[in-house]
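Chain by chain, the residues run as shown.
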Amino acid sequence: MNAYAKIHVLKRNANLDDDTYRDLLERETGKRSCKGMAQTEQLQVISALQKLLPEQDPNAAQGKRATGKYAKKLQALWIAGHNLGVIANKSDEAMIAFLKRQTGLDHHRFLQDGKAATKAIDALKLWIRRATQNYDLFTQDQNQSPLLNDFRFQVCLHIWAELVRLDKAPMKTLTTYMVACCGRDDPGTFNSNDWIQTMNRLGKLYRAVKK
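Within each chain, residue numbers correspond to sequence positions counted from 1 in written order. Residue-level local features of this predicted model are given only where pLDDT is at least 70; pairs of side-chain atoms are given and counted only at 80 or more, and the full residue set underlies all totals for whole chains, interfaces and linings. Here the side-chain values reflect all heavy atoms present in the structure, with hydrogen atoms and water set aside.

Visitor: Looking at this model, I keep getting lost on the overall build of the chain. Mind explaining?
Guide: Strands here mean DSSP runs of E at least two residues long; helices mean DSSP runs of H or I at least four residues long; both are numbered from the N terminus. When its secondary structure is counted, the chain shows 11 helices and zero strands. In the chain, the succession of helices and strands from N to C terminus is α-α-α-α-α-α-α-α-α-α-α. Along the first, second and third principal axes, the C-alpha set of the chain runs to 60 × 45 × 30 Å. Any two residues whose heavy atoms approach within 4.5 Å at even a single point are treated as in contact. Restricting the contact set of the chain to residue pairs at least 6 apart, pairs at least 24 apart contribute 55%. Every accessible area reported is derived by Shrake-Rupley at a probe size of 1.4 Å, with residue values counting cover from the shown protein chains alone. Summed over all atoms, the accessible surface of the chain reaches about 11800 Å², with 49% contributed by carbon and sulfur. As used throughout, the charge tally considers Lys and Arg to be positive and Asp and Glu to be negative, leaving His and the chain termini uncounted. Where a charge lies is defined by one atom per residue type, namely NZ (Lys), CZ (Arg), CG (Asp) and CD (Glu). Taken as two groups, the 33 positive and 22 negative side-chain charges of the chain have centres that lie 6 Å from each other.

Visitor: I tried to follow the packing of aromatic side chains on my own but got confused; where do I start?
Guide: How two aromatic rings sit relative to each other is given by the distance of their centres and the angle of their planes. Stacked, tilted and edge-to-face are the three classes applied to pairs of Phe, Tyr and Trp rings, where Trp contributes its six-membered ring and a pair requires centres within 6.5 Å; stacked means planes under 30 degrees apart, edge-to-face means over 60, and tilted covers the rest. As enumerated under the stated definition, the model contains seven aromatic pairs in all. Where Phe 138 meets Phe 151, the ring centres are 5.9 Å apart and the plane angle is 80°; that geometry is what we call edge-to-face. Linking Phe 138 in the loop between helix 8 (114–132) and helix 9 (151–165) with Phe 151 in helix 9, this pair joins segments that are 13 residues apart in sequence. For each residue, the accessible area found with a 1.4 Å probe, counting protein chains only, is set against the maximum for its type, and the residue is called buried under 20%, exposed over 50%, and partly exposed in between. Phe 138 gets classed as buried once you look at its relative accessible area, which sits at 6%. The exposure class of Phe 151 is partly exposed, given its relative accessible area of 27%. The interplanar angle of 65° and the centroid separation of 5.2 Å between the aromatic rings of Phe 190 and Trp 195 together place this pair among those described as edge-to-face.

Visitor: Explain the packing of helix 5 (residues 71–83) against helix 6 (residues 92–103) here, please?
Guide: The description of two helices packed together rests on the angle between their axes and the distance between the axes. Running from amino to carboxyl end, helix 5 crosses helix 6 at an angle of 100°, the nearest separation of the two axes being 10 Å. With respect to each other, helix 5 and helix 6 are oriented roughly perpendicular. The segment helix 5 lies against helix 6, with Leu 74, Gln 75 and Trp 78 engaging Asp 92, Ala 94, Met 95, Phe 98 and Leu 99. Across the contact of helix 5 with helix 6, the residue classes tally to six nonpolar, one polar and one charged. To get an axis, a line is fitted to the C-alpha atoms, and for a helix only the part in contact is used. The angle between two axes follows their N-to-C directions and goes from 0 to 180 degrees. Orientation categories follow fixed angle ranges, with anything under 35 degrees roughly parallel, anything over 145 roughly antiparallel, 65 to 115 roughly perpendicular, and all other angles oblique. Gly is put with the polar residues, along with every residue not named as nonpolar or charged; the nonpolar set is Ala, Val, Leu, Ile, Met, Phe, Trp, Tyr, Cys and Pro, and the charged set is Asp, Glu, Lys and Arg.

Take a look at the structure:
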């Protein structure tokens with residue numbers, strides 16, 4: 001497969017619409033079409049597109065997914081920490097090992113028991129806040145809008161602020177990026193899959209520029 005064909009395969013796999021794709025081309029090479037690009041420019045585009053691809057689930061590959069009444073909430077926080085650049089290993093196995101060290105509890109307890117789960121969740125939130133130095137993460141304020149009180153938006157907002165600080169924001173505004181990611185006009189209408197896709201894409205971009 002030549003570079004031109006690979007670019008279009010990656011575009012499709014990254015679920016980019018035409019405008020977002022051409023914005024990426026322009027950002028990477030100054031051109032809005034890959035026709036006539038030098039090989040070095042095409043390779044630069046390929047590298048940028050690869051960073052937008054969904055990541056494989058390490059738990060599915062290893063067959064070590066955590067289960068239990070509170071597993072999904074803990075997994076969501078753990079993946080948020082990974083997207084925020086705090087956690088290197090996003091597997092459930094790494095999460096369980098960390099929480100056992102932090103809480104002193106057996107994983108069967110914090111995955112099944114309400115009080116133990118609360119202790120584990122609070123420990124994980126506190127660690128992520130300290131590591132990011134963002135103590136507004138995972139908090140709610142009755143004076144703020146529902147969107148600003150949404151933990152998922154808080155994660156996106158923090159990553160975007162870091163990308164702006166590093167001069168690596170892929171678009172002019174976070175809202176524009178979120179709309180382009182999911183094809184919805186209003187982030188307030190995002191469903192769970194939209195949020196997961198947006199957080200994971202932003203996290204992948206952020207981890208790449210931090211290396």
